[in-house]
Amino acid sequence: MAHAEIIDLSFTYPDESEKALRSVSVRLEEGEFVVVSGPSGCGKSTLLKHFKQEVLPVGDREGSIFYQGIAIHELDKVTSAREIGMVFQNPENQIVMETVIQEIAFSLENIGFPSEDIKKKIAELVRFLGIEYMLHQSVHTLSGGQKQLVNLASVLALQPKLLLLDEPTAQLDPVAAKEFLELLKRIHEELGVTIVVVEHCLDELLPLAERLIFMEKGTILYNDSPRSVIVDLWKDAAYRSYIPDIPRLFLESESNTVPFSVKEGMKHINDRLPLHGSTEKKQHHEGKPLIKGTGLTFRYERTSETVLSQLDIAVHSGDCMALVGANGSGKSTLLTILAGLHKPRKGKVVFQNQRIEKWTQKKRYMKIGYVSQQPAYHFTYDEVELELYERCRQFAELNPKPLADKLMDDFQLGHIKHRHPLDISEGEKQIFAIILALLSQPELLLLDEPTKGLDPEKKEQLGCLFQKLQHEGAAIMLATHDIEFAAKYANRCAMLFDGEIVSENDPAGFFSSNYFYTTGVNRLVRKKQPYALTWEDVNMLCQNDQTLRM
């Protein structure tokens, strides 16, 4: 008997003509670690929610869903709550209590555990997770990575047998993401929990996965071992962008070996890799200073900790600057200050020699486009198309339809134009919010985690858009945890730590000098190719010199 099973499931959301799932069948064996991937809006999250009774999406459903042989709708509610746990993408959406210990105890109290049992379970759990130090902290003071750990702890307190995770590392910095996935590995190996993770970025998950499911347009295209699926994706040029850089490098080199990790890769790159080659740096001519922050100091409350301290930063026309750093390092705060949404306690922000605090709100919107970490905050209307038309009219666009249609077509979002903005996938929300910010044709675009929830294909489209905007003289600043994206599309990178910028350079110089904040390919080849950041960089060095043998 399968641990959980979906048989011939089709599902359609209300008022939708297209099916979100089409005759999908998935069987989970007890103790498996399964990863589900595919394009944004292909049905991954919808499929995941069908394994848990409490979050079953509303709509027309055909097919069968079983948990340990029992139909999901007949499953006892307490059994469902205890044995099937779920961690969502946004840590904020799952936290309900004030302190960490209250949050963990909340799920146990709901089930009806006696107080002495609750204390025992929490004591054992926090030791296993290593979070004793934050037990009595307010959840509102925690970083994104810490909040996600608290969410996981709240679910694990019930000792689930099936753990469902929907892009759990999307808002975590690279170090926090690795720590979170290492914890999942321990949970899987030491507790035998069946784990299903929905994720676009497969770099860190492939070494953990026992099975990889790849979806497209509500159907399952591939369902096999990770190596088999990666090879299948390689055979279809349309899906090659979904292959992480390390296996992609080996596949591009026609290797018979497809490693998933740096450790595996090092075993198969021989000593004939060029020792002192160098990657071509992107030609970038620094434009005029567009916006400058000088001596920026900020704290949210008079008595709270300082978030930014005497920080200086400048962005030039044609720049694409990537801000990296740990959760809570001040990246988002810096963007809001540069956007004029927060006023620094000390220091000033000057845009083309004008203090932005003297601008009207309309002028700020025309000059600066800003998108927060939560794209839903930018939506006002009940339909995507209506949101776009009304926003066009606000910017004096007399005939908004052609512009709106073009933007939707450019990002292949025509299929969502009649849907509510809150009902589309996370990746689609992200792209749509960026489209709205572009309507005023701003000179500066400030984006907080713009690739969150995006599939690799959408990331490439976004990167190409950035390059086009740079060519036209606009400037872009993005706060991001997506190291590979920053390495490929930024021309400047800066790291925030302890309220200030501690490092700034071009991508090759920046990432080659980092130990943790760098790409997988750079870790793999940096001893011989210190400035290679992507598989394209290595290929470029080796394509005319058959020195790479794998």
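In case you missed it, the structure is sitting above this.
In this report, we go over the structure that sits alongside the text. Sequence order as written defines the numbering, with residues in each chain counted from 1. Only residues with pLDDT of at least 70 get local features here, since the model is predicted, and only at 80 or more are side-chain atom pairs given and counted; chain-wide, interface and lining totals rely on the full set of residues. Side-chain figures throughout are based on the complete set of non-hydrogen atoms in the structure, without hydrogens or water.

1. As for the overall build of the protein
To keep it simple, the criterion reads: Under the DSSP-based scheme used, a helix requires at least four consecutive residues in state H or I and a strand at least two consecutive residues in state E, with every element numbered from the N terminus. The reference for a compact globule is 2.2 Å times residues^0.38; the radius of gyration itself is calculated from the C-alpha atoms. We call a residue buried when its accessible area falls under 20% of the maximum for its residue type, exposed when it is over 50%, and partly exposed in between, using a 1.4 Å probe and counting protein chains only. Contacts: residue pairs with any heavy atoms within 4.5 Å of one another. Each accessible area value is a Shrake-Rupley result obtained with a 1.4 Å probe; residue values ignore everything except the protein chains displayed when judging cover. Neither His nor the chain ends is counted toward charge; the positive residues are Lys and Arg and the negative residues Asp and Glu. The atoms used to mark charge sites are NZ of Lys, CZ of Arg, CG of Asp and CD of Glu.
Looking only at helices and strands, one finds 19 helices and 20 strands in the protein. The C-alpha atoms of the protein give 24 Å as radius of gyration, which agrees with the globular expectation for 550 residues (24 Å, within 12%). Overall, the C-alpha framework of the protein stretches about 65 × 60 × 50 Å when taken along its three principal axes. By the burial criterion, 56% of the 550 residues in the protein qualify as buried. In the protein, the share of contacts with a sequence separation of at least 24, taken over all contacts with a separation of at least 6, comes to 67%. In the form shown here, the protein has an accessible surface area of approximately 25,000 Å², with 48% of it arising from carbon and sulfur atoms. Averaged over its 62 positive side-chain charges, the protein has a centre that lies 5 Å from the centre of its 77 negative ones.

2. With respect to the sheet that holds strand 4 (residues 60-67)
Definition in use: Pairing between strands is defined by DSSP: at least two bridges between the two strands are required.
In space, the four strands of this open sheet follow the order 2-1-4-5, with antiparallel pairing throughout. Edge strands, defined here as strands with exactly one partner in the open sheet, are strand 2 (21-28) and strand 5 (70-71). One ladder, built from two bridges, connects strand 4 with strand 5; its direction is antiparallel. The residue of strand 5 that forms the bridge with Tyr 67 is Ile 70.

3. Quick look at the pattern of salt bridges
Note the threshold: We define a salt bridge as a side-chain nitrogen of Lys or Arg found within 4 Å of a carboxyl oxygen belonging to Asp or Glu.
Counted under the stated rule, the structure contains 20 salt bridges. Among the ionic pairs, Glu 29 bridges to Arg 27, the shortest N-O distance being 2.5 Å. Classification of Glu 29 as partly exposed rests on a relative accessible area of 34%. According to the relative accessible area criterion, Arg 27 is partly exposed, its value standing at 36%. The salt bridge partner of Glu 252 is Arg 248, with a shortest N-O separation of 2.9 Å. One end of the pair, Glu 252, and the other, Arg 248, are both in helix 8 (residues 245-252), four residues apart, so they sit about a helical turn from each other. Overall, the relative accessible area of 12% leaves Arg 248 in the buried class.

4. Topic: the nonpolar core
Let me state the cut-off plainly: For this analysis, a nonpolar core means a set of buried residues of the types Ala, Val, Leu, Ile, Met, Phe, Trp, Tyr and Cys, connected via side-chain atoms within 4.5 Å.
Counting 59 residues, the largest nonpolar core has Ile 104, Leu 152, Leu 163, Leu 184, Ile 187, Ile 230 and Leu 233 as the members making the most contacts within it. Per element, the largest residue contribution to this core is seven residues, and it comes from helix 6 (residues 174-191). Setting aside anything within four residues of it in sequence, one finds Leu 163 in contact with Gly 85, Val 87, Leu 152, Val 155, Leu 184, Val 193, Thr 194, Ile 195 and Val 196.

5. Details of helix 8
Most of helix 8 sits inside the fold, with seven of its eight residues counted as buried. What helix 8 keeps buried is the set Asp 245, Ile 246, Pro 247, Arg 248, Leu 249, Phe 250 and Leu 251. Residue Glu 254 follows helix 8 closely and has a positive phi angle near 60 degrees.

6. Remarks on the packing of helix 3 (residues 100-111) against helix 4 (residues 115-129)
In plain terms, the rule: Here an axis means a line fitted to C-alpha atoms, over the contact stretch when the element is a helix, while the angle between two N-to-C directions is reported on a 0 to 180 degree scale. Throughout this description, any angle smaller than 35 degrees is read as roughly parallel, any larger than 145 degrees as roughly antiparallel, any in the 65 to 115 degree range as roughly perpendicular, and the remainder as oblique. Should the near helix be turned anticlockwise from the far one by less than a right angle, the crossing is left-handed, and should it be turned clockwise, the crossing is right-handed. Under this grouping Gly is polar, as are all residues other than the nonpolar Ala, Val, Leu, Ile, Met, Phe, Trp, Tyr, Cys and Pro and the charged Asp, Glu, Lys and Arg.
Between helix 3 and helix 4, whose axes approach to 10 Å, the crossing angle comes to 130 degrees. Accordingly, the angle class assigned to the pair helix 3 and helix 4 is oblique. Pair helix 3 / helix 4 crosses with right-handed handedness. Packed against helix 3, whose contacting residues are Ile 101, Ile 104, Ala 105, Leu 108 and Glu 109, the element helix 4 presents Ile 118, Lys 121, Ile 122, Leu 125 and Val 126 at the interface. Tallied by class, residues from the contact of helix 3 with helix 4 come to eight nonpolar, no polar and two charged.

7. A few points about helix 5 (residues 144-156)
Our working rule: Helix span is expected to be 1.5 Å times the residue number reduced by one.
Relative to the 18 Å expected for 13 residues at 1.5 Å per residue, helix 5 spans 18 Å between its end C-alpha atoms, a close match to the ideal helical length. Burial runs high along helix 5: twelve of the 13 residues are buried. Within helix 5, the full set of buried residues consists of Gly 144, Gly 145, Lys 147, Gln 148, Leu 149, Val 150, Asn 151, Leu 152, Ala 153, Ser 154, Val 155 and Leu 156. Packed against the buried residues of helix 5 are strand 6 (84-87), helix 3, helix 4, strand 7 (162-166) and helix 6.

8. Here we look at the layout of surface pockets
The condition is simple: A cavity, in this analysis, means grid points on a 1 Å lattice covering only the protein atoms where a 1.4 Å probe fits yet has no way out; a pocket is instead an open set bounded by protein on both sides within 12 Å along at least five of seven lines, and a residue lines either one if it has an atom within 4 Å of a point. Grid points are joined across faces, edges and corners, and a volume is the space filled by probe spheres set on the points.
Estimated volume of the second largest pocket: approximately 1,000 Å³. Mapped onto the lining of the second largest pocket, the elements with two or more residues apiece are helix 6, helix 8, helix 9 (262-266), helix 16 (483-489) and helix 18 (520-525). For the lining of the second largest pocket, the leading source of residues is helix 6, giving six residues. Classifying every residue of the lining of the second largest pocket gives 21 nonpolar, eight polar and 16 charged.

9. Concerning the packing of aromatic side chains
Note the cut-off: Geometry of aromatic contacts follows a simple scheme: Phe, Tyr and Trp rings, the Trp one being its six-membered ring, pair when their centres are within 6.5 Å, and the pair is stacked under 30 degrees between planes, edge-to-face over 60, tilted otherwise. Charge-over-ring contacts are defined here by two conditions on Lys NZ or Arg CZ: a distance within 6 Å of the ring centre and an angle within 35 degrees of the ring normal.
Applying the stated criterion across every chain, the model contains twelve aromatic pairs. Between Phe 214 and Tyr 239, the ring centres sit 5.2 Å apart and the planes meet at 70 degrees, which makes this aromatic pair edge-to-face. On the criterion of sequence distance, the pair formed by Phe 214 in strand 9 (residues 211-216) and Tyr 239 in the loop between helix 7 (226-235) and helix 8 is long-range, its members being 25 residues apart. Note on Tyr 239: relative accessible area 11%, which makes it buried. Look at Phe 485 and Tyr 489: their rings are 4.9 Å apart centre to centre, the planes differ by 45 degrees, and that puts the pair in the tilted class. With Phe 485 and Tyr 489 both in helix 16 and four residues apart, the pair spans about one turn of that helix. Take Phe 485 and Tyr 489: they sit in the same class, and that class is buried. Members of the aromatic cluster, connected to one another through ring pairs, are Phe 214, Tyr 222, Tyr 239 and Tyr 242. Against the face of Phe 128 rests Arg 186, its NZ or CZ located 4.1 Å from the ring centre. The ring of Trp 234 has Arg 240 lying over it, and the distance from NZ or CZ to the ring centre is 3.8 Å.

Scope: geometric values only; no functional claims are made or implied.
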